[in-house]
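Breakdown of the fold
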Amino acid sequence: MDLDFKTNKYELFDDWHQNKTKQEFTQKLQQQAQIKKTQLILICCFKLKI
C-alpha cells in the first residue's frame, strides 16, 4: 500500500469512524517509524563508536 494522503483524503480525514484505510496507514507509518528509529540508533552508535 502506498501512503497516498490525497487519494485517501476522505477515508483518513473526513470519515470519523475507524476504517480499513486508517488501519493500513497507521500500520505502515508505524513500520516506517520503527525503521527510521533503528537507522537513527545505528547512526548514533556508529558515530560514537559504541
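Above this text sits the structure in question.
Just so we're clear, the structure is a prediction, and the values are computed from it rather than from any experiment.

With 29 residues, helix α2 (residues 20-48) extends 42 Å from end C-alpha to end C-alpha; this agrees with the ideal 42 Å at 1.5 Å per step. Those residues of α2 lying buried are T21, K22 and F25. Contacts from the buried residues of α2 go to α1 (9-14). After α2 finishes, the residue K49 shows a positive phi value of roughly 55°.

Further remarks concern the state of the cysteines. Taken as a whole, this structure holds zero disulfides when the rule is applied. The cysteine C45 is free of any disulfide, with C44 supplying the nearest cysteine sulfur at 6.9 Å.

To continue, consider the side chain of K22. Relative to the assigned elements, K22 resides in helix α2. Of the side chains bearing the opposite charge, D15 lies closest to the buried K22, which forms no salt bridge; the N-O distance is 5.1 Å. Those residues within four positions of K22 in sequence are excluded, and the remaining contacts are E11, L12, D15, W16 and H17.

The next point concerns the packing of aromatic side chains. Under the defined criterion, the tally for this structure stands at two aromatic pairs. Judged by centre distance (6.5 Å) and plane angle (25°), the rings of F5 and F13 are stacked. We classify F5 as partly exposed; its relative accessible area is 40%. Ring centres of F5 and F25 lie 5.1 Å apart, and the angle between their planes is 75°; on these two criteria the pair is classed as edge-to-face. Residue F5 is found in the segment before α1, and its partner F25 is found in helix α2; the two are separated by 20 residues along the sequence. Put simply, the rings of F5, F13 and F25 pair up and form one aromatic cluster.

Procedures and definitions
Residues numbered from 1 in each chain as written. Predicted model: local features only at pLDDT ≥ 70, side-chain atom pairs only at ≥ 80, totals over all residues. Heavy atoms only, no water. Helix = DSSP H or I, 4+ residues; strand = E, 2+ residues; numbered from the N terminus. Expected span 1.5 Å × (residues − 1). Buried < 20%, exposed > 50% of the residue type's maximum accessible area, 1.4 Å probe, protein only. Contact = heavy atoms within 4.5 Å. Disulfide = S-S within 2.5 Å. Lys, Arg positive; Asp, Glu negative; His and termini not counted. Salt bridge = Lys/Arg side-chain N within 4 Å of Asp/Glu carboxyl O. Phe/Tyr/Trp six-rings, centres within 6.5 Å; stacked < 30°, edge-to-face > 60°.

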